[in-house]
Amino acid sequence: MAPGALDGVRILDLTSEMGWYCGKLLADLGADVIKVEPVGGDPSRGRAPYWNGTPGRETSLRFWYFNANKRSVTVDLEQYDGHWLFGELIKTADIVIESWTAAERTELAEHGVDPVAYMDSQLALVWVSITGFGLDGPRAGWQVTDLIAQAASGIATLAGYPDGSPMRIAGNQAYIVAGISAAQGALLALLQAETTGEGQRVETSMQEALSICQETAHLQWDFQHTSRERMGEQHRMPGIGTYRTQDGYIYSAVGIPGFGAPWSELIRWMDDEGQAEELTEPEYAETFASFNMRDLALGSTLDDLGPVMSRAQEVLTAFYASKASLEVYEQGQARRLLIGMVASPADIGDDEHLNTRDWWLEFDQPTRLGSDDARVQMPGPPYRLSNTPTSIRRPAPQIGEHNQEVWVGEVGIPAEDLIAFAGEGAI
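Keep in mind it's a predicted model, so treat the numbers as computed, not measured.

## Side note on helix α1 (residues 20–28)
Here is step 1 of the chain: Buried residues dominate α1, accounting for nine of its nine residues.
Here is step 2 of the chain: Buried residues of α1: Trp-20, Tyr-21, Cys-22, Gly-23, Lys-24, Leu-25, Leu-26, Ala-27 and Asp-28, and no others.
Here is step 3 of the chain: Positive phi appears at Gly-30, one or two residues downstream of α1, with a value of about 110°.

## Some words on unusual backbone geometry
Here is step 1 of the chain: The omega torsion across Ala-48 and Pro-49 is 5°, close enough to zero to call that bond cis.
Here is step 2 of the chain: Within the element layout of this structure, Pro-49 appears in the loop between β2 (32–37) and α2 (61–67).
Here is step 3 of the chain: A positive phi is found at Asn-172, a non-glycine position, where the angle reads about 50°.
Here is step 4 of the chain: Tracing the backbone shows Asn-172 in the loop between α6 (146–153) and α7 (173–196).
Here is step 5 of the chain: Judged by relative accessible area, Asn-172 falls into the buried class, the value being 12%.

## Quick word on the sheet that holds strand β8 (residues 249–253)
Here is step 1 of the chain: Strand order in this open sheet of three strands is β7-β8-β9, and the pairing throughout is antiparallel. Of all strands in the sheet, those bounded by a partner on one side alone are β7 (240–244) and β9 (339–341). The average angle at which neighbouring strand axes cross in this sheet is 20°, direction not considered.
Here is step 2 of the chain: Both β7 and β8 contribute to a ladder of five bridges, which runs antiparallel. Note on β8: the bridge partner recorded for Tyr-243 is Ile-250.
Here is step 3 of the chain: On top of the sheet, helix α14 (residues 325–334) reaches β8 and β9; it is set at about 150° to β9, its chief contact.

## Considering the packing of aromatic side chains
Here is step 1 of the chain: Considering all chains together, one arrives at 13 aromatic pairs under this definition.
Here is step 2 of the chain: Ring geometry for Trp-20 and Phe-63: centres 5.4 Å apart, planes at 90°, overall edge-to-face. Residue Trp-20 is located in helix α1, and its partner Phe-63 is located in helix α2; the two are separated by 43 residues in the primary sequence.
Here is step 3 of the chain: A residue is classified by how much of its surface remains accessible, and Phe-63, at 2% relative accessible area, is buried.
Here is step 4 of the chain: Centroid distance Tyr-65 to Phe-66: 4.8 Å. Interplanar angle 75°. Geometry classified as edge-to-face.
Here is step 5 of the chain: According to the relative accessible area criterion, Tyr-65 is partly exposed, its value standing at 21%.

## Overview of the packing of α1 against α7
Here is step 1 of the chain: α7 packs onto α1 with a crossing angle of 50° between their chain directions and a minimal axis gap of 7 Å. Considering the angle they form, α1 stands oblique to α7. Crossing handedness for the pair α1 and α7: right-handed. Counting all contacts with α1, which are made through Tyr-21, Cys-22, Leu-25 and Leu-26, the residues of α7 involved are Ile-176, Gly-179, Ile-180, Ala-182, Ala-183, Ala-186 and Leu-187.
Here is step 2 of the chain: In terms of residue class, the contact of α1 with α7 is made up of ten nonpolar, one polar and no charged.

## Details of the environment of Pro-382
Here is step 1 of the chain: Here Pro-382 shows up in the loop between β11 (374–378) and α17 (403–408).
Here is step 2 of the chain: Pro-382 sits 23 residues away from Trp-359 along the chain, and the two C-alpha atoms are 9.6 Å apart.
Here is step 3 of the chain: Setting aside anything within four residues of it in sequence, one finds Pro-382 in contact with Tyr-21 and Leu-25.

## Quick word on the sheet that holds β2
Here is step 1 of the chain: In spatial order, the strands read β3-β2-β1-β4-β5-β6; together these six strands make up an open sheet with parallel pairing. Because the sheet does not close on itself, it has two edges, and the strands there are β3 (70–74) and β6 (201–205). The sheet shows a mean angle of 20° between the axes of neighbouring strands, direction not considered.
Here is step 2 of the chain: The sheet contact formed by β2 and β3 spans five bridges and is parallel. Bridged to Lys-35 within β3 is Ser-72.
Here is step 3 of the chain: Where α7 meets the sheet, its contacts fall on β4 (95–98), β5 (126–131) and β6, and the angle it forms with β5 comes to roughly 165°.

## Quick look at the nonpolar core
Here is step 1 of the chain: Counting residues in each nonpolar core, the largest one holds 47 residues, and the members touching the most others are Ile-11, Leu-26, Ile-95, Ile-97, Val-128 and Ile-130.
Here is step 2 of the chain: When residues of this core are traced back to their parent elements, those giving at least two are α1, α2, β4, β5, α7, α8 (206–210), β10 (361–365) and β11.
Here is step 3 of the chain: Of the residues forming this core, the biggest block, eleven residues, is contributed by α7.
Here is step 4 of the chain: For Ile-11, the residues in contact, after removing those within four places along its chain, are Leu-26, Ala-31, Asp-32, Val-33, Ile-34, Ile-95 and Ile-97.
Here is step 5 of the chain: Ranked by size, the runner-up nonpolar core spans 28 residues in total, among them Ile-34, Val-36, Leu-85 and Ile-413.

## A word on the packing of α6 against α7
Here is step 1 of the chain: Viewed as axis vectors pointing N to C, α6 and α7 meet at an angle of 75°, and their least axial separation amounts to 7 Å. By the criterion of interaxial angle, the relationship of α6 to α7 is roughly perpendicular. Between α6, through Asp-146, Ala-149 and Gln-150, and α7, the contact on the second element is made entirely by Gln-173, Ala-174 and Tyr-175.
Here is step 2 of the chain: Classifying every residue of the contact of α6 with α7 gives three nonpolar, two polar and one charged.

## A look at the pattern of salt bridges
Note that side chains of opposite charge can pair when their charged atoms are close.
Here is step 1 of the chain: Inspection of every chain in the model, using the stated rule, returns 25 salt bridges.
Here is step 2 of the chain: Notably, a salt bridge pairs Arg-71 with Asp-32, separated by 2.8 Å at the nearest N-O pair. Within this pair, whereas Arg-71 is found in strand β3, its partner Asp-32 is found in strand β2, the two being separated by 39 residues in sequence.
Here is step 3 of the chain: Arg-71 sits in the buried class, given a relative accessible area of 4%.
Here is step 4 of the chain: When the shortest N-O distance is used, the salt bridge between Arg-311 and Glu-314 registers 3.0 Å. Separated by three residues within a single helix, Arg-311 and Glu-314 lie in helix α13 (residues 307–321), roughly one turn from each other.

Cut-offs and rules
Residues numbered from 1 in each chain as written. Predicted model: local features only at pLDDT ≥ 70, side-chain atom pairs only at ≥ 80, totals over all residues. Heavy atoms only, no water. Buried < 20%, exposed > 50% of the residue type's maximum accessible area, 1.4 Å probe, protein only. Helix = DSSP H or I, 4+ residues; strand = E, 2+ residues; numbered from the N terminus. Pairing = 2+ DSSP bridges. Axes fitted to C-alpha atoms, helices over the stretch in contact; angles between N-to-C directions. Contact = heavy atoms within 4.5 Å. Phe/Tyr/Trp six-rings, centres within 6.5 Å; stacked < 30°, edge-to-face > 60°. Parallel < 35°, antiparallel > 145°, perpendicular 65-115°, else oblique. Left-handed = near helix turned anticlockwise from the far one by under 90°. Nonpolar A, V, L, I, M, F, W, Y, C, P; charged D, E, K, R; others polar. Core = buried A, V, L, I, M, F, W, Y, C linked by side-chain atoms within 4.5 Å. Salt bridge = Lys/Arg side-chain N within 4 Å of Asp/Glu carboxyl O.

So, in structure tokens, the structure goes:
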């Protein structure tokens, strides 16, 4: 197996689910990521969906995906012996990642688990804190979930329908974006530490990290003092938006000046198949050629653009509806039209392009159910490194699976002492 880009880097991952992705990104790059769990395991281990629909702390597909490549040790940080053990483990680490709440941070500090103290005694240590609203400021101690972070960041106000309420974007996007940002910060701080010998605190606020997903909505407010509104399925002009097909949906972005082929190419395609109706007449060509994107930016809708545009929308809607999604996608792209298929999980799994590129990663995951290991296929990496590729070196760990390996073999705790610590509930 080729070496990973982060081979030789040790990371302690003390995060809850909101920080899992940060550790995953670094583990997939070859770092030795040790998941430090409370005795009994991470409470989020039991999150659905489950392998074969069997609920359990060792059968969570969500946990498997975000924690493959990590090792697991358990320790009770609130016990004196657990605090001491963690102090010995941290001496072997380059980076620590945590996502403690303000209350947890205060309580752990009372038990001697203090990031500042560890960094003072280990100058090159990088400490990463993933929070909802940051480590300081009036909202630093506020409670947060993915939904709260989405709402506070502003992206929820852009999701949904114009006549409805704001909606949450699926998939724990606040956790994911914060994890990406935290991993970037961790790598930059690690580079600095390796260069100067001085580590630093890396702080990621989910509210701040996710706000970038509003794209230019902030700029619109800055320059125009208007808030971008939810569009839902509303079309501001023909060719831009979601359209139904025979078997699903496609997203079309035709007619934006400077991007892809123009409307004339779309009309040519429709005419080649005898479905252009009257759109080949000069009146339509002149209207599309004179369309000002400034009107679109200022919030004009299809109803504001007159009967020519409305009729073009009717014809185009019927044209897309007569074809399968993949057909529209592939034929449209062949004509350099900006069209994408709205893919389902099944479509992604069968995608010829992704399969040709060997994007999917597979591994065998133990389940502790007395049956064969589960064969897991998971999405591949978000980037490719030619010399140090990402890989799955081990499945997601079972609770405390590497206690003996890490505490005894690597930290140097005598085996008989480890047995005593286990008896006391410290690990």
